Amino acid sequence: QLLLWSEILLQVPDSRLSIIVNAKETVDYVKELMTSRGIAEERLMIFTKLRYDHFLQLHNHVDIALDCYPFTGFTTSFNGLWMGVPMVTMVGVRMSSRTGLGLLAPLGLEEFVSHSPEEYIANACHWATNLDQLAEIRAGLRDKLKSSILMDAPAFTRDFESNLRRCWADWCSKQAAT
């Protein structure tokens, strides 16, 4: 993943990377990898721990989010969308690599979805260099999220209840057959 992100940084010379990692050793690793690829350390903003309010505030300084792969984000991605930051994601075959698609598709943001590393890099570079178009998307993102199926609790509840009833009926019919 870091290699993809480093390629984006190389192709978009004025870009910077903000990243949150778990440990000091990871900070050192990220710095070493990026600088070995020719990326100046000044372009890296690496955080180890942030309070939730600081994490949300960080989104005010970010144009686009770069989703992880193959384990895509969910809560952090949703928080980013809520804060008006769309993400570039790469889709794989497993559920763990399809969450980004599951968040972006209901918002009509399939143009941020990639199906290969090359497309992911191209997608990120496109959005990083089309800031006017990106600003339009960002401006309405929270409202779009609020009115989407992703935040329609009554519809989710009805669907969940329906599935529970179906599972119960399936179980009952199997019990009757034995």
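Below you will find a few notes about this structure.

Cut-off values and rules
- Residues numbered from 1 in each chain as written.
- Predicted model: local features only at pLDDT ≥ 70, side-chain atom pairs only at ≥ 80, totals over all residues.
- Heavy atoms only, no water.
- Phe/Tyr/Trp six-rings, centres within 6.5 Å; stacked < 30°, edge-to-face > 60°.
- Helix = DSSP H or I, 4+ residues; strand = E, 2+ residues; numbered from the N terminus.
- Buried < 20%, exposed > 50% of the residue type's maximum accessible area, 1.4 Å probe, protein only.
- Right-handed = clockwise from strand over helix to strand, strands pointing away.
- Contact = heavy atoms within 4.5 Å.
- Pairing = 2+ DSSP bridges.
- Axes fitted to C-alpha atoms, helices over the stretch in contact; angles between N-to-C directions.
- Core = buried A, V, L, I, M, F, W, Y, C linked by side-chain atoms within 4.5 Å.
- Expected span 1.5 Å × (residues − 1).
- Polar contact = N/O pair within 3.5 Å; in protein donor to acceptor, adjacent residues only side chain to side chain.

Observations regarding the packing of aromatic side chains
Then, number 1: Counted by the stated rule, this structure contains 4 aromatic pairs.
Then, number 2: Where Trp168 meets Trp171, the ring centres are 5.3 Å apart and the plane angle is 20 degrees; that geometry is what we call stacked. Of the two residues, Trp168 and Trp171 both sit in helix α9 (residues 153-177), 3 residues apart, roughly one turn of that helix.
Then, number 3: Since its relative accessible area comes to 55%, Trp168 is described here as exposed.
Then, number 4: The class of Trp171 is partly exposed, set by a relative accessible area of 46%.

Topic: the pairing of strand β1 (residues 17-20)
Each regular strand carries side chains that alternate between the two faces of the sheet.
Then, number 1: Because side chains alternate across β1, one face comprises the buried residues Leu17 and Ile19, and the other comprises Ser18 and Ile20, none of which is buried.
Then, number 2: Chirality of the crossover, the property in question, places the unit of β1, helix α2 (residues 24-36) and strand β2 (residues 44-47) among those that are right-handed.

Details of the environment of Glu7
Then, number 1: Within the secondary structure, Glu7 is located in helix α1 (residues 2-11).
Then, number 2: For the pair Glu7 and Ile121, spaced 114 residues apart in the sequence, the C-alpha separation amounts to 7.2 Å.
Then, number 3: Beyond its immediate stretch of four places on either side in the chain, Glu7 contacts Arg37 and Ile121.

Examining the sheet that holds strand β4 (residues 87-90)
Then, number 1: The parallel open sheet is built from 3 strands, whose spatial order is β3-β4-β5. The two strands at the open ends of the sheet, each matched to only one other strand, are β3 (65-66) and β5 (113-114).
Then, number 2: One ladder, built from 2 bridges, connects β3 with β4; its direction is parallel. By the bridge assignment, Leu66 is partnered in β4 with Val88.
Then, number 3: Contacts from helix α6 (residues 117-128) reach β3, β4 and β5, with the element oriented near 170 degrees to β4.

Quick notes on the nonpolar core
Then, number 1: Core analysis: the largest hydrophobic core is formed by 37 residues, its most contacted members being Trp5, Met34 and Phe112.
Then, number 2: Aside from chain neighbours lying at most four places away, what touches Met34 is Leu2, Trp5, Ser6, Leu9, Leu17, Ile39 and Leu44.

Examining the side chain of Thr89
Then, number 1: By the element assignment, Thr89 lies in strand β4.
Then, number 2: Once you skip the residues sitting within four places of it in the chain, Thr89 turns out to touch Asp67, Thr72, Gly100, Leu101, Leu104, Phe112, Val113, Ser114 and Tyr120.

Some remarks on α9
Then, number 1: Here α9 contains 25 residues, and its C-alpha end-to-end distance of 36 Å stays within 8% of the 36 Å for a straight helix at 1.5 Å per residue.
Then, number 2: The backbone nitrogen of Ala155 lies 3.2 Å from a side-chain oxygen of the residue at the head of α9, namely Asp152.

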